[in-house]
Amino acid sequence: MEAYFLDFANLLLRWLHVIAAVAWIGESIYFVMLDNGLRPPKAAEDQRKGVFGEMWAVHGGGFYHNQKYASAPEKLPEDLHWSFWKAYTTWLSGFGLFVLLYMANPGFYLVNPGSDWAWAANLTGWQANVVALLFLLGGWVVYNEMCKRISPNMERDGLLSLAVAVMMVVVAYLSTQIFAGRAAFLLTGAVMATAMSANVFFWIIPGQRRMVKAMKAGETPNPIDGKRGKQRSVHNTYFTLPVVLLMLSNHYSFTYTHELSWVIMSLFIFAGALIRQFFVLMHAGQIKPAYPASGAVLILVAVWIGAPTAGNATAAATASSETAGGETAPAQVAQAEPESRAQTIIEQRCVQCHAQNPSHAGFSAAPAGVILDTPEQMLRQIDQIKQVVASGYMPLGNITQMTDEERAEIAAWSP
Ligand code: HEC
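How each quantity is defined
Residues numbered from 1 in each chain as written. Predicted model: local features only at pLDDT ≥ 70, side-chain atom pairs only at ≥ 80, totals over all residues. Heavy atoms only, no water. Near = heavy atom within 4 Å. Polar contact = N/O pair within 3.5 Å; in protein donor to acceptor, adjacent residues only side chain to side chain. Helix = DSSP H or I, 4+ residues; strand = E, 2+ residues; numbered from the N terminus. Nonpolar A, V, L, I, M, F, W, Y, C, P; charged D, E, K, R; others polar. Domains from an automatic or database assignment. Salt bridge = Lys/Arg side-chain N within 4 Å of Asp/Glu carboxyl O. Pairing = 2+ DSSP bridges. Buried < 20%, exposed > 50% of the residue type's maximum accessible area, 1.4 Å probe, protein only. Arc of directions from axis to C-beta. Donors = N, O, S within 2.8 Å, 3.2 Å for Na, K, Ca; no water. Tetrahedral: all angles 85-135°; square planar, octahedral: opposite > 155°, others 65-115°. Axes fitted to C-alpha atoms, helices over the stretch in contact; angles between N-to-C directions. Parallel < 35°, antiparallel > 145°, perpendicular 65-115°, else oblique. Left-handed = near helix turned anticlockwise from the far one by under 90°. Contact = heavy atoms within 4.5 Å. Buried area = accessible area lost by both parts, 1.4 Å probe. UniProt positions renumbered as here; feature names shortened; annotations may be inferred.

**Q** Explain the site of the ligand here, please?
**A** As a structural note, the neighbourhood of the ligand is formed by 25 residues, with Cys 350, Cys 353, His 354, Tyr 393 and Met 394 the closest of them. Side-chain polar atom of Arg 182 to an oxygen atom of the ligand: 3.3 Å apart, as the coordinates give it. One of the side-chain N or O atoms of His 354 is found 2.7 Å from a nitrogen atom in the ligand. Mapped by element, the contributors of at least two residues to the shell around the ligand are α4 (106-109), α10 (253-256) and α16 (382-390). The biggest single contributor to the shell around the ligand is α16, with four residues. Here the shell around the ligand is built from residues that sort into 18 nonpolar, five polar and two charged. When residues of the shell around the ligand are assigned to domains, at least three map to each of domain 1 (87-306) and domain 2 (320-412).

**Q** Is there a simple way to think about the pattern of salt bridges in this case?
**A** The full count for this structure, using the stated rule, is 11 salt bridges. Close ionic contact of Asp 35 with Lys 68 constitutes a salt bridge, the shortest N to O distance being 2.9 Å. In this pair, Asp 35 is assigned in helix α1 (residues 2-37) and Lys 68 in strand β2 (residues 62-69), connecting sequence segments 33 residues apart. Ionic pairing is found between Glu 145 and Arg 149, a salt bridge with its closest N-O pair at 2.9 Å. Here the residue Glu 145 and the residue Arg 149 both occupy positions in helix α6 (residues 125-150), the gap between them amounting to four residues, near one helical turn. Put simply, Asp 35, Lys 68 and Lys 230 are held in one network by salt bridges that share partners.

**Q** For this particular structure, what's the right way to read the pairing of β2?
**A** Successive residues of a regular strand alternate their side chains across the two faces of the sheet. Pairing of strand β1 (residues 51-59) with β2, which is carried by eight bridges, proceeds in the antiparallel orientation. Note that in β2 the partner of Val 51 across the bridge is Tyr 69. Connecting β1 to the next strand, β2, in antiparallel fashion are two residues, including Gly 60 with a positive phi near 55°.

**Q** Hey, could you run me through α16 in this one?
**A** Think of an α-helix as 3.6 residues a turn; residues three or four steps apart then line up on the same face. Buried within α16 we find Ile 382, Ile 385, Val 388 and Val 389. Mapping the buried residues of α16 onto a view down its axis gives an arc of 140°, with all of them on the same face. Looking one or two residues beyond α16, the residue adopting positive phi is Gly 392, at roughly 85°.

**Q** How should unusual backbone geometry be read in this particular structure?
**A** If a residue is not glycine, its phi is most likely negative; likewise, a peptide bond is most likely trans. A cis amide bond links Met 394 to the next residue, Pro 395, at an omega of -10°. Looking at the element boundaries, Pro 395 is found in the loop between α16 and α17 (404-412). Although it is not a glycine, Met 154 sits at a positive phi angle of roughly 60°. Assignment of secondary structure puts Met 154 in the loop between α6 and α7 (157-178).

**Q** So what exactly am I meant to see when it comes to the environment of Phe 185 here?
**A** Its location among the elements puts Phe 185 in helix α8 (residues 181-216). Separated by 24 residues in sequence, Phe 185 and Ser 161 place their C-alpha atoms 21 Å apart.

**Q** Can you walk me through the coordination of the iron atom of the ligand in this structure?
**A** Octahedral six-donor coordination of a metal ideally yields angles of 90 or 180 degrees, compared with 109.5 degrees for tetrahedral four-donor coordination. On the protein side, the iron atom of the ligand has His 354 (NE2) and Met 394 (SD) as donor atoms, found 1.9 to 2.2 Å from it. Bound by six donor atoms, the iron atom of the ligand shows angles of 86 to 178° at the metal and therefore octahedral coordination geometry. Note that His 354 is positioned in the loop between α14 (338-349) and α15 (375-380) and Met 394 in the loop between α16 and α17, a separation of 40 residues in sequence.

**Q** Mind showing me how you'd approach the packing of α8 against helix α9 (residues 223-249) here?
**A** Pairs of packed helices are described in terms of their axes, by the angle between the two and the distance that separates them. Interaxial distance between α8 and α9 falls to 8 Å at its minimum, and their mutual angle equals 155°. Looking at the two axes, α8 sits roughly antiparallel to α9. Between α8 and α9 the crossing geometry is left-handed. Each residue belonging to the contact of α8 with α9 can be placed in one class, and the counts come to 16 nonpolar, 11 polar and four charged.

**Q** For this particular structure, what's the right way to read the domain arrangement of the protein chain?
**A** How big an interface is tends to be expressed through the accessible area that disappears when the partners come together. When its domains are assigned, the protein chain resolves into domain 1 (87-306) and domain 2 (320-412). Distance from the C-alpha centre of domain 1 to the C-alpha centre of domain 2: 34 Å. Taken residue by residue, the interface counts nine residues in domain 1 and nine residues in domain 2. Where domain 1 abuts domain 2, roughly 770 Å² becomes buried across the two surfaces, and 68% of that area is made up of carbon and sulfur atoms. Broken down residue by residue, the surface that domain 1 buries against domain 2 is led by Phe 108, Ser 253 and Thr 257, which jointly contribute 59%. At the surface where domain 1 touches domain 2, the tally comes to one residue pair in polar contact (both at pLDDT 80 or more). Within the residue set of the side of domain 1 that touches domain 2, elements represented by two or more residues are α4 and α10. The greatest single-element share of the side of domain 1 that touches domain 2, amounting to three residues, is contributed by α10. Here the side of domain 1 that touches domain 2 is built from residues that sort into five nonpolar, three polar and one charged.

**Q** Would you mind showing me how to read the UniProt feature "transmembrane region" (unreviewed entry) in the protein chain here?
**A** Cross-referencing UniProt, the feature "transmembrane region" (unreviewed entry) maps to residues 12-32, 85-104, 124-143, 159-179, 185-205, 237-254, 260-282 and 289-307 in the present numbering. Helix makes up 100% of residues 12-32 and strand 0%, with an end-to-end C-alpha separation of 30 Å. Helix makes up 96% of residues 260-282 and strand 0%. Its end C-alpha atoms lie 34 Å apart.

**Q** Would you mind showing me how to read the side chain of Asp 225 here?
**A** Take Asp 225: it is sitting in helix α9. Filtering out sequence-adjacent residues up to four positions away, Asp 225 remains in contact with Gly 207, Arg 210 and Met 211.

What follows is the structure, encoded as structure tokens:
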């Protein structure tokens with residue numbers, strides 16, 4: 001019953017998270033489009049009032065006329081629209097999901113028993129939780145310090161972007177070394193998402209408040225606040241596509257179970273940023289197909305790196321069963337009745353979780369909807385079964401102690 005309520009809470013929180021993220025990212029993309037799509041104002045009156053650019057749009061049966069002021073309008077209206085709750089709600093609901101899904105079961109989902117680093121492989125559950133929180137916090141501190149030190153007056157934003165790119169590769173690498181693959185992708189995405197929300201919370205909104213306060217007092221706002229808000233908004237723009245891809249790839253075990261998952265993750269991040277760049281320029285009237293084309297090339301490289309080969313499947317299987325209790329017998333392919341043997345293995349190692357009514361504590365329904373109660377169900381999902389067993393991803397945390405031999409038998413299973 002408890003597992004059922006937790007699952008339901010998970011669904012509702014995920015619903016909120018996705019809706020808030022859609023609203024936030026949608027608004028952010030809209031404002032970048034607006035900013036880059038502005039044209040000099042036509043009316044002399046607007047030019048006199050200090051209008052810097054304008055955009056006419058038709059949407060939902062109405063005509064809209066947006067104007068952006070170079071500094072500020074003569075008189076600030078009382079009912080200014082502010083954008084921040086979407087950002088905060090996205091972060092809070094995402095963090096809630098992380099707590100509910102990962103931190104509630106860290107031994108399963110966070111700890112990486114196959115890590116090359118002994119300290120990481122041997123983390124206890126609560127230690128892994130603390131390390132995950134420090135990882136998120138550390139990501140923000142490092143990113144924020146880089147912004148402050150490298151380009152405090154927005155004078156070296158190009159160099160800063162390069163530094164942020166390098167930082168993300170390091171984050172991807174560290175996360176896959178320290179945490180279980182799925183959590184690593186999630187946490188790398190969360191480092192970017194946290195930087196995005198924190199940019200809004202610590203810089204963009206406070207800067208705007210100072211600007212509004214100055215204007216109300218009849219003073220000229222400090223231009224640094226506007227410039228810095230812009231700098232952080234630009235970073236947020238390039239984070240959006242990579243963050244969404246990382247959050248989604250989390251459901252595709254072929255990405256995060258790979259030995260070079262940090263490279264795949266880095267390629268995803270750069271591909272997302274390059275594709276975003278295309279749209280940013282497109283709104284300003286420049287069509288540069290080289291950007292999405294290079295993004296596509298990076299994704300193809302990821303496809304190529306991630307492609308399963310007999311070699312890396314066996315390596316992953318060996319690595320995962322070594323960590324599960326020293327079972328190092330050389331893999332042997334079963335000779336007799338591979339079909340029924342494979343099914344027996346699945347009954348022994350998988351159905352605790354993957355059943356209509358799982359017997360394993362904490363599962364109220366078959367995880368990922370994968371039910372393996374009958375031979376027909378097993379046959380129908382043979383490809384997925386082989387993939388997750390070869391990569392070592394399943395059984396999750398090798399909790400049911402599948403051996404190398406059994407993995408080889410599943411690999412050789414051809415009904
Ligand atoms: C301790 C419980 C547990 C055991 C045992 C287990 N699994 Fe899973 N399995 C899970 C969970 C949880 C997920 C969902 C993970 C996710 O969302 O990526 C999952 C997901 C899957 C998926 C879907 C993966 C995807 O990419 O969507 C397949 C296929 C699968 N398991 C097969 C197996 C096979 C085959 C075995 C036995 C060798 C097995 N599992 C043993 C818990 C388990």
